[in-house]
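Residue-level structure breakdown
Read off the chains here:
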Amino acid sequence: MKHLKAIQKYFWKYRVRLGVGLIFIFLSNYFNVLTPQVTGYVIDFVPRKLGLPGYQPPKRAPQYDYLVTKFINWMEGMSGLTQVVAWCGIIVLLLALLRGFFLFLMRQTIIVMSRHIEFDQKNEIYKHYQQLDSGFYKRNSTGDLMNRIAEDVSRVRMFSGPAIMYLVNLISLISLAVFFMYKRDPLLTWYVLAPLPVLAITIYFVNNTIHKKSEKIQASLSDLTTNAQESYSGIRVIKSFVQEKAMLGFFMKNSEEYRKNAIGLAKVEAVYFPSITLLIGISTLLTIMIGGLYYIRGTHNIGLDTIVEFVMYINMMMFPVSAIGLTASMIQRAAASQKRINQFLDTKPAIAEPQKATKVDLQGNIVFENVDFVYTDTGIRAMNNFNLSVKKGQKVAIVGRTGSGKTTMAQLLLRMYDVNNGRILLDGIDIRELSLRQLREQVSYVPQDVFLFSETVENNIRFGLAHADAADVEKAALQASVHKEITGFSQGYQTMIGERGVTLSGGQKQRISIARALIKDPSMVIFDDCLSAVDAKTEKEIIGNLNDYLQDKTAIIITHRIFTLFAFDKIVVLEDGRIVEEGTHQDLLAIPDGYYANLYARQQETDREK
Ligand SMILES: Nc1ncnc2c1ncn2[C@@H]1O[C@H](COP(=O)(O)OP(=O)(O)OP(=O)(O)O)[C@@H](O)[C@H]1O
């Protein structure tokens with residue numbers, strides 16, 4: 001339960017709605033408990049008025065509610081029996097209508113409030129997810145992230161809406177009913193309440209079982225979602241390796257686990273409801289038997305009207321009491337779900353915003369100073385006393401074997417991770433002193449693995465700069481040499497990409513991703529091996545365009561191919577997170593058996609073969 005404290009702030013936010021809702025619950029129950037009193041009155045009134053033989057007038061006048069007493073006084077002024085019975089009928093109907101009306105308002109306030117809370121909570125989680133660092137995303141699966149924002153939030157809503165409603169309904173109805181029952185006949189009330197301890201013990205044990213089973217269900221559901229999500233996103237790999245059957249088997253195994261747990265819970269719930277009905281039945285039986293006995297003996301102030309009233313009260317409590325289990329299980333599930341949500345909400349982003357960010361217009365001077373970096377989860381030392389200085393407007397190529405630390409270097413510059421030792425300076429300022437927003441707005445990064453949204457081509461490019469207009473988008477596409485292909489699509493820039501639209505080639509995706517980076521017009525650009533999927537002709541065209549575009553910008557180009565067309569100020573060869581060769585194209589070619597010289601020779605050979 002303590003986990004649910006996290007949503008207290010929402011109850012406070014919607015306190016007026018909640019307060020009014022609680023009043024509506026009380027009012028609907030208030031009008032509900034008046035019905036047995038009016039019915040009891042008629043049952044006593046008819047034989048009294050008719051003077052039926054054997055009629056025993058009550059020794060003590062029944063204590064009705066204020067409103068009912070007022071109504072009776074008004075009605076008794078009328079003489080006719082039929083009139084009184086008809087009026088009582090009308091009043092019972094009116095009470096039912098009033099009860100229904102307040103039930104409607106109760107749902108309109110409490111359930112609507114729960115939907116608002118659900119909306120706020122989803123936004124809170126989404127916002128928090130966005131602040132979390134790359135390490136967090138590496139540790140947690142997408143399926144799990146999705147499950148917490150969707151399934152878990154809706155379980156918490158079952159608490160903030162229906163569960164609260166049922167709980168307050170139960171408490172207010174039982175309080176009102178017991179209050180009037182006790183006022184009517186204390187002794188019979190005790191008999192009615194006798195099965196209560198058994199009821200409480202049953203609920204306690206069943207709840208514990210439900211709680212354990214619910215937690216298991218949630219965990220298996222999370223596995224199932226992760227499994228399904230990975231299957232869909234990796235569908236091409238699955239199909240090309242003909243692994244559909246294996247994946248299905250895997251899914252069925254997870255699914256079976258979920259089914260087993262869910263059936264287990266259903267069994268407990270199946271036993272629970274009949275038990276509650278039985279206990280309620282025992283209460284009714286006790287009322288009729290004991291009340292009847294007292295009535296026959298005439299030793300106690302119990303009339304037929306009292307018995308009828310009590311039976312009506314008990315039946316009235318039937319649904320709310322039987323819903324205790326359901327309510328408790330909703331609360332247990334919500335607590336388990338909120339615990340999972342809190343785990344993520346309590347995760348602090350490893351990359352912290354500086355207390356007071358330095359505000360500067362970055363020019364593009366980059367310095368890596370004795371940078372060390374180790375990936376904590378794998379223990380891999382990806383940067384090893386790395387030093388590099390790039391002046392404003394310079395173009396630097398980074399080459400090196402796969403796994404040598406090129407991407408890590410770019411990630412560190414974008415502050416996706418913080419360095420372990422050393423520092424990275426931009427215009428002489430440690431990047432940890434810059435606001436993340438400013439830093440990432442000034443550095444455009446084209447990643448190795450392209451990601452495009454299921455959106456229009458235009459919106460995918462505009463993602464880099466929300467306020468860009470159509471002309472800016474087109475200009476960026478031209479620079480990335482993808483404009484011609486886009487205009488060839490049936491709907492041009494409005495063509496949908498991905499699941500709901502066209503499937504692009506690897507090279508087209510790369511160039512749209514480049515256009516997205518170029519549109520930002522930043523002072524620094526990092527291209528991370530982003531021309532690997534384009535042909536030589538397009539590569540030449542893009543490099544030609546980039547030469548103009550990058551004129552006054554600082555550019556770091558990570559590549560596995562050597563671009564002789566590009567006038568690099570410096571070329572750096574990385575190995576095991578440190579620089580092993582550094583200089584201009586000519587400098588590096590002069591190193592005998594150097595990595596760069598070999599790479600160049602191999603490339604020349606392949607190009608000749610082509
Ligand atoms: N997120 C990560 N978590 C743990 N280890 C990582 C992570 N990313 C990279 N590594 C490891 O760090 C080392 C450097 O990787 P990095 O991606 O920087 O190399 P790279 O030079 O860019 O390689 P490539 O040319 O194949 O892209 C590798 O040994 C890699 O396994």
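Everything quoted here is computed from the prediction, not taken from an experiment. (Residues numbered from 1 in each chain as written. Predicted model: local features only at pLDDT ≥ 70, side-chain atom pairs only at ≥ 80, totals over all residues.)

The next point concerns the overall build of the protein chain. Regarding its fold elements, the protein chain presents 20 helices and 10 strands. Against the 2.2 N^0.38 benchmark of 25 Å for 610 residues, the protein chain shows a C-alpha radius of gyration of 37 Å, more extended than a compact globule. Taken along the three principal axes of its C-alpha coordinates, the protein chain extends 125 × 50 × 45 Å. Residues classed as buried in the protein chain amount to 32% of the 610 residues present. Looking at the protein chain alone, contacts between residues at least 24 apart form 80% of all its contacts between residues at least 6 apart. (Helix = DSSP H or I, 4+ residues; strand = E, 2+ residues; numbered from the N terminus. Rg over C-alpha atoms; globule rule 2.2 N^0.38 Å. Buried ≥ 20, exposed ≤ 12 C-beta atoms within 10 Å, placed from the backbone. Contact = placed C-beta atoms within 7 Å.)

Around the ligand, a shell composed of 15 residues is seen, among which Tyr-375, Thr-402, Lys-406, Thr-407 and Thr-408 lie nearest. In terms of residue count, helix α12 (residues 406-413) provides more of the shell around the ligand than any other element does, three residues in total. Class assignment of the residues belonging to the shell around the ligand gives a composition of three nonpolar, nine polar and three charged. (Near = placed C-beta within 6 Å. Nonpolar A, V, L, I, M, F, W, Y, C, P; charged D, E, K, R; others polar.)

Moving on, we get to the UniProt feature "transmembrane region" (unreviewed entry) in the protein chain. The positions UniProt marks with the feature "transmembrane region" (unreviewed entry) are residues 84-105, 163-182, 188-206, 270-295 and 310-331. Within residues 163-182, the helical portion is 100% and the strand portion 0%, while the C-alpha atoms at the span's ends are 28 Å from each other. (UniProt positions renumbered as here; feature names shortened; annotations may be inferred.)

So, on to the nonpolar core. Ranked by size, the top nonpolar core spans 65 residues in total, and within it Ile-398, Leu-412, Leu-413, Ala-515 and Ile-556 carry the most contacts. Ignoring anything within four residues of it in the chain, the contact list for Ile-556 reads Val-390, Val-396, Ile-398, Ala-410 and Ile-526. Phe-24, Val-206, Ile-331 and Ala-334 belong to the second largest nonpolar core, which has 31 residues in total. (Core = buried A, V, L, I, M, F, W, Y, C linked by C-beta atoms within 7 Å.)

A positive phi is found at Asp-521, a non-glycine position, where the angle reads about 50°. Within the element layout of this structure, Asp-521 appears in the loop between α17 (506-518) and β7 (524-528). In the Ramachandran plot, Asp-576 falls in the positive-phi region, its phi being about 50° despite a non-glycine side chain. One can find Asp-576 in the loop between β9 (570-575) and β10 (578-583). Given 14 C-beta atoms within 10 Å, Asp-576 falls into the partly exposed group.

In this model, the protein chain carries a mean pLDDT of 87, and residues with pLDDT of at least 70 account for 98%. Prediction confidence for the complex, expressed as pTM and ipTM, is 0.75 and 0.95 respectively. (pLDDT = per-residue confidence, 0-100.)

Sheet architecture is open: four strands sit in the order β2-β1-β4-β5, paired in antiparallel fashion. Bordering the open sheet on either side are β2 (381-390) and β5 (429-430), each of which pairs with just one other strand. As judged from the two bridges shared by strand β4 (residues 421-426) and β5, these two strands associate in the antiparallel manner. Bridge assignment links Leu-426 to a residue of β5, and that residue is Ile-429. Each of β1 (366-374), β2 and β4 is contacted by α12, which is oriented at about 65° to β2, the strand it contacts most. (Pairing = 2+ DSSP bridges. Axes fitted to C-alpha atoms, helices over the stretch in contact; angles between N-to-C directions.)

What follows covers the domain arrangement of the protein chain. When cut into domains, the protein chain gives domain 1 (2-345) and domain 2 (366-609). Relative to domain 2, the C-alpha centre of domain 1 lies at a distance of 59 Å. Counting from both sides, the interface comprises five residues of domain 1 and, opposite them, four residues of domain 2. A per-class count over the side of domain 1 that touches domain 2 returns no nonpolar, two polar and three charged. (Domains from an automatic or database assignment.)

Now for the sheet that holds strand β8 (residues 554-558). Pairing within the open sheet is mixed, and its six strands lie in the order β6-β7-β8-β3-β9-β10. Two strands lie at the open edges of the sheet, namely β6 (443-446) and β10, each paired on one side alone. Each neighbouring strand pair of the sheet contributes to a mean axis angle of 20°, computed without reference to strand direction.

A word on the pairing of β4. Where β1 and β4 come together, five bridges link them in antiparallel fashion. The residue of β4 that forms the bridge with Glu-369 is Arg-423. With antiparallel pairing between neighbouring strands as the criterion, β4 and β5 make up a hairpin whose turn holds two residues, including Asp-427 at a positive phi of roughly 50°.

The next subject is the pairing of β6. Both faces of β6 are covered, namely the face carrying Val-443 and Tyr-445 and the face carrying Ser-444 and Val-446. Bridge count for β6 against β7 is four bridges, and the pairing is parallel. The residue bridging Tyr-445 from the neighbouring strand is Ile-526, located in β7.

What follows is about α17. Its 13 residues give α17 an end-to-end C-alpha distance of 18 Å, which sits within 8% of 18 Å, the value for a rise of 1.5 Å per residue. Of all 13 residues that make up α17, 11 are buried, and the element is covered over most of its length. Among the residues making up α17, those that are buried are Gln-508, Lys-509, Gln-510, Arg-511, Ile-512, Ser-513, Ile-514, Ala-515, Arg-516, Ala-517 and Leu-518. (Expected span 1.5 Å × (residues − 1).)

With that settled, the discussion passes to the environment of Asn-547. You can see Asn-547 is positioned in helix α18 (residues 536-549). Judged by local crowding, Asn-547 falls into the partly exposed class, with 13 C-beta atoms found within 10 Å. When the C-alpha atoms of Asn-547 and Phe-566 are compared, they prove to be 7.0 Å apart, with 19 residues separating the residues in sequence.

With that settled, the discussion passes to the environment of Asn-32. For Asn-32, the position within the fold is in helix α2 (residues 15-50). Once the C-alpha coordinates of Asn-32 and Leu-97 are considered, the two residues, 65 residues apart in sequence, prove to be 9.8 Å apart. Not counting the four nearest positions on each side in its chain, Asn-32 is found in contact with Arg-99, Leu-173 and Met-316.

Below, the discussion takes up the environment of Ile-110. Topologically, Ile-110 is positioned in helix α4 (residues 81-131). Looking at Ile-110, the number of C-beta atoms within 10 Å reads 25, which means it is buried. Note: C-alpha distance between Ile-110 and Ser-523 (413 residues apart in sequence) is 52 Å. If near-sequence neighbours (up to four positions away) are discounted, Ile-110 is found in contact with Gly-21, Gly-161, Ile-164 and Met-165.

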